[in-house]
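In case you want the letters, here they are:
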Amino acid sequence: MSGAKPTADTGTNFYDRSLTSRRYALVGVACSSIFSCLCIITGIFTVLSQGIMGATPLSKLRLKNPAASSQLSWQVNILTLILDLIVMLCTESIGFVHGISLRSALASESRLRFNTNLRLLTVARGWNNRNGSLLNGIWAVLLIISYSSSSLIVCADLRTTLDSVGVAIAGLPLFILGVAIFLQVIIASSGRRAVKVLTWSSSPFDLTAALVHHTQLTPATSRCMRRVSDLDTYGGPAKPPETQPSAWHAHPSIRKVVILLWVIVAAYAGWAALVIYISHSPLTLKRWSFLHNSNSDSMAYELSSSIPEAWILLFVVQGPLTLGLHCSELIVNVIRDEKQWRRATRRQGLRVATNPLKPILTDPICLILFVAKPFLHWMFALSFEIGTGAYNETQDSFSAWIFTAQICNLCIALFIFACFFTFVARRRPHGPQPAAYGHLQTLANLVDEWSPVMWWGHKEDGIPYCHAGTSDHPLLDVKMNCIYADSGAGPLVPLS
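Model, not experiment: these values are computed from the prediction.

Remarks on the packing of aromatic side chains
Aromatic ring pairs are reported here in terms of the distance separating the ring centres and the angle at which the planes meet. Here the structure, examined in full by the defined rule, presents ten aromatic pairs. Ring centres of tryptophan 271 and phenylalanine 384 lie 5.5 Å apart, and the angle between their planes is 65°; on these two criteria the pair is classed as edge-to-face. Residue tryptophan 271 is found in helix H7 (residues 252-279), and its partner phenylalanine 384 is found in strand S7 (residues 384-386); the two are separated by 113 residues along the sequence. With a centroid separation of 5.8 Å and an interplanar angle of 45°, the aromatic rings of phenylalanine 380 and phenylalanine 384 are classed as tilted. The exposure classification of phenylalanine 380 matches that of phenylalanine 384, with both residues buried. Lying across the ring of tryptophan 248, arginine 426 places its NZ or CZ 4.8 Å from the centre.

So, in structure tokens, the structure goes:
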């Protein structure tokens, strides 16, 4: 039997180009463009009609109503949460296109190692490249501006002439939000046009097959039992291991993300402790609440009547949270890639082509991050407020309010978030199937037969080495006491 490893089929249907994902992505970008234009138009109209600090009223409550204050607080909080959710959907839709174009740019430079990378911290060569460091840095700033702007848009409006209060939409922050999202659309669209996208699929198998098909990736021999953590060792025959390395050990960027999350937790905890110390108001259960009210302990300080000062302060304070949540996507996607690969040893097998929305809507970790992003930004808005007051449809409050109970709530939520993702990153899969975590070269080495549905396992007995690989039908479990290499591997390959 020949020792050559099967290569990719040359047929045009060898891998899924995932045009469905492309359609979904372009629809998301189109909806984001429409939303950004609406924000820009509404913001301009408000500024022209009400002035630079103007606000457009949305609701009205009589001050004589005893429940007016409570209803107003709920309306502001719910609208802010909905707005954070919309911002998250827009930035994620645009970010998907940006991530696909960056991945394609790295592949064209032969620098793509993993299916999932830190999108804002991984760049193509050339500072002026459309997927390079300059535009990636601008994208990071725009992402922070998007979430910080959403915290300033919804405000309470006291109309003294009508003896009423209500919810209003601040014009200038709404305009800035629209511009930030629209610029992200432009960056993502220009990056997509600058590269050839081999596949729009987020599956590591479609990407690996595409790279092998276009000879941008070559499978290595004698590594059918080698996992991603064995890359730095001499490749050759190996016995099946009982456990696999965690994502923490397999993907170098995972460690950076986990450390970043704990730095953010420590920073916000230190901030909360400083607020409690300066305000001289220890938090007690009697004074604790999830939503702040008129009786909530807080610390306030006046800002000068300057919009840039308020925005810079919010940008600096909320920026680490935005970047931390963005970087957490790496953990989610790397674990998702490994889960898909490990289905190859189950009864149903590994289906290479899937609905692009299915992994997001069915994977618990993806759902947790999907909910956590807008929720944690909303909790931040509850704990730290700037310029959320308006009088007679004019926003004139430039005080920074830090609410003691709510900043503690945010710290607790961030601590739970960091603990969960640390556990996920350090969890070690069990079983002899070599872990890949979306590492493209490892997957190219492990998959020796490509098909729409694949199973991995023992394929061939041999002397001195057995062979493990993939097939279009279920395979036997690997033999734990055997040494595995590619079929036909000679005895001169050393064992390690």
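What follows picks up the thread again.
Describing the pattern of salt bridges
Per the stated rule, a full pass over the model turns up ten salt bridges. Between lysine 373 and glutamate 329 there is a salt bridge, with its nearest N and O atoms 2.2 Å apart. Taken together, the residues lysine 373 in helix H10 (residues 364-383) and glutamate 329 in helix H8 (residues 307-342) connect sequence positions 44 residues apart. For glutamate 329, a relative accessible area of 13% corresponds to the buried category. Salt-bridge contacts for lysine 339 lead to aspartate 363; the nearest nitrogen and oxygen are separated by 3.6 Å. Taken together, the residues lysine 339 in helix H8 and aspartate 363 in the loop between helix H9 (358-362) and H10 connect sequence positions 24 residues apart. Bridged by salt links that share partners, the residues Glu92, Glu329 and Lys373 form one connected network.

The rules behind the values
Residues numbered from 1 in each chain as written. Predicted model: local features only at pLDDT ≥ 70, side-chain atom pairs only at ≥ 80, totals over all residues. Heavy atoms only, no water. Phe/Tyr/Trp six-rings, centres within 6.5 Å; stacked < 30°, edge-to-face > 60°. Helix = DSSP H or I, 4+ residues; strand = E, 2+ residues; numbered from the N terminus. Buried < 20%, exposed > 50% of the residue type's maximum accessible area, 1.4 Å probe, protein only. Lys NZ or Arg CZ within 6 Å of the ring centre and 35° of its normal. Salt bridge = Lys/Arg side-chain N within 4 Å of Asp/Glu carboxyl O.

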